[in-house]
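Descriptive analysis of the structure
Chain residues, written in single-letter form:
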Amino acid sequence: MLHKVTKVEQNQRPSGNSTRQTLVEGRQIPLVLFWEGRKGWGLRTIFKIPKNVFVGEYVGEVITFAEAKRRNKHTKYQFSLATAITKLDNKFLVIDATSLGNETRFINHSCNPNLVAKLVITNKYSEHDFRIGFYSMRDIEPGEELTLNYYPTNVKPKNSKKGRTKCW
Ligand SMILES: C[S@@+](CC[C@H](N)C(=O)[O-])C[C@H]1O[C@@H](n2cnc3c(N)ncnc32)[C@H](O)[C@@H]1O
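These remarks concern the structure in this document.

Definitions and cut-offs
Within each chain, residue numbers correspond to sequence positions counted from 1 in written order. Thresholds applied to this predicted model are a pLDDT of at least 70 for local features of residues and 80 or more for the giving and counting of side-chain atom pairs; totals over whole chains, interfaces and linings are not thresholded and use all residues. Note that the side-chain values use all heavy atoms of the structure and ignore hydrogens as well as water. The cut-offs for exposure are 20% and 50% of the maximum accessible area for each residue type, with area from a 1.4 Å probe on protein chains only; residues under the lower value are buried, those over the upper are exposed, and the others partly exposed. Strands are runs of DSSP state E lasting at least two residues, helices are runs of H or I lasting at least four, and both sets are numbered from the N terminus onward. At least two DSSP bridges between two strands are required for those strands to pair. One heavy atom within 4 Å of a molecule or strand makes the whole residue count as near it. N or O atoms within 3.5 Å of each other form a polar contact, as long as, within protein, one can give a hydrogen and the other can take it, and as long as residues adjacent in sequence are counted only when both atoms are side-chain atoms. Areas reported as accessible are Shrake-Rupley estimates using a 1.4 Å probe. Residue values count occlusion only from the protein chains shown. Gly counts as polar in this scheme, as do all residues outside two lists: the nonpolar Ala, Val, Leu, Ile, Met, Phe, Trp, Tyr, Cys and Pro, and the charged Asp, Glu, Lys and Arg. Two residues qualify as a contact provided that any one of their heavy atoms is within 4.5 Å of a heavy atom in the partner residue. Only buried Ala, Val, Leu, Ile, Met, Phe, Trp, Tyr and Cys residues count toward a nonpolar core, and they belong to the same one when joined by side-chain atoms within 4.5 Å. Patches in this entry comprise residues that are over 30% relatively accessible and not in a salt bridge; like charges within 9 Å are linked, as are nonpolar side chains (Val, Leu, Ile, Met, Phe, Trp, Tyr) within 5 Å. Only one rule defines a salt bridge in this text: a Lys or Arg side-chain nitrogen within 4 Å of an Asp or Glu carboxyl oxygen. What counts as a ring pair is set by centres within 6.5 Å for rings of Phe, Tyr and Trp (its six-membered ring), and what kind of pair is set by the plane angle: stacked under 30 degrees, edge-to-face over 60, tilted for all other angles. Cation placement over rings: the criterion is NZ of Lys or CZ of Arg within 6 Å of the ring centroid and within 35° of the ring normal. Here the axes come from fitting lines to C-alpha atoms, over the contacting stretch only for helices, and the angles between their N-to-C directions go from 0 to 180 degrees.

**Some points on the pairing of strand β4 (residues 54–58)**
Taking burial as the measure, the five residues of β4 include five buried ones, the bulk of the element. When β4 meets strand β10 (residues 126–136), the two strands line up antiparallel, connected through four bridges. Bridged to Tyr58 within β10 is Ile132.

Structure follows, in structure tokens:
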């Protein structure tokens, strides 16, 4: 699974409602796990979430792309950072939530998502100290499923044909 990481957050203000600050403070919104039929489990909110609010952090084992490929039967909960700046010794990194993770691994894909993934640099002295936060792209109504576009614009999902992306 590839996710679109749209923004690198650096040089945050020391105070104020910055992306980094909200991520470090942790999730403040109650979410529920919901059976979404053919999609499997999904996450829903029970309260309204305003636009630009931190919703959750994608956590798991941080592994190399090579190790992720080695685990190829268990890729469902792998969050690839291939499109971001996080190259380490020329190896792309992946966050694997298969064995260690939280509720954000149940967020399903949509071409019309209500969340966006942001790469948040948490240490101003090191670009390698990063975390992945999910933020609301718009107001999200109570009961709505939380969704993310898994695919960056430059990556075609397996089901795409000649640039046409099948959208769920
Ligand atoms: C990160 S998991 C999301 C949680 C998953 N639904 C579960 O029950 O564990 C990604 C997997 O969910 C399923 N999935 C996610 N979005 C979907 C969608 N829009 N339509 C169908 N299946 C979807 C696919 O099986 C995908 O490999």
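**Comments concerning the site of the ligand**
Neighbouring the ligand are 14 residues, the closest being Lys39, Trp41, Tyr77, Asn108 and His109. Trp41 places a main-chain nitrogen or oxygen 2.7 Å from a nitrogen atom of the ligand. Between a nitrogen atom of the ligand and a main-chain N or O atom of His109, the distance comes to 2.9 Å. When the ligand sits alone it has 560 Å² of accessible area, and the protein chains cover 82% of it. Of the residues in the shell around the ligand, the class split is seven nonpolar, three polar and four charged.

**Thoughts on the environment of Arg44**
Structurally, the position occupied by Arg44 is in strand β3 (residues 41–45). According to the relative accessible area criterion, Arg44 is partly exposed, its value standing at 21%. In this structure Arg44 touches Leu31, Val32, Phe34, Glu36, Gly143, Glu144, Glu145 and Leu146, once residues within four positions along its chain are discounted. A polar side-chain atom of Arg44 sits 3.1 Å from the main-chain carbonyl oxygen of Gly143.

**Describing unusual backbone geometry**
Phi is positive for Asn52, close to 65 degrees, though the residue is something other than glycine. Of note, Asn52 is situated in the loop between β3 and β4.

**Observations concerning the nonpolar core**
Tyr58, Phe79, Leu115, Ile132, Phe134 and Leu146 are the most contacted members of the largest nonpolar core, which has 24 residues in total. Going through the elements one at a time, β4, β7 (93–96), β9 (115–123) and β10 are the ones with two or more residues in this core. With four residues, β9 is the single largest residue contributor to this core. Residues Leu23, Val116, Val120 and Tyr135 belong to the second largest nonpolar core, which totals five residues.

**Side note on a nonpolar patch on the surface**
Among the surface-exposed residues, Val32, Phe34, Ile46 and Phe47 lie close enough to one another that they form a single nonpolar patch of about 350 Å² accessible area. As for its placement among the helices and strands, Val32 is situated in strand β2 (residues 31–35).

**Points about the packing of aromatic side chains**
How two aromatic rings sit relative to each other is set out by the distance from centre to centre and by the angle between their planes. Under the defined criterion, the tally for this structure stands at seven aromatic pairs. An aromatic cluster is present here, built from Tyr58, Phe79 and Phe134 joined pairwise through their rings. A cation sits over an aromatic face here: Arg44 above Phe34, 4.0 Å from the ring centre. Above the face of the Tyr135 ring, Lys118 is positioned so that its terminal group lies 5.1 Å from the ring centre.

**Side note on the sheet that holds strand β5 (residues 61–64)**
Overall, antiparallel pairing links the three strands, which are arranged β5-β7-β6 in an open sheet. Both outer strands of the open sheet, β5 and β6 (78–80), are each paired with one neighbouring strand and no more. The sheet shows a mean angle of 30 degrees between the axes of neighbouring strands, direction not considered. By the bridge criterion, four bridges tie β5 to β7 in an arrangement that is antiparallel. Note that in β7 the partner of Glu61 across the bridge is Asp96.

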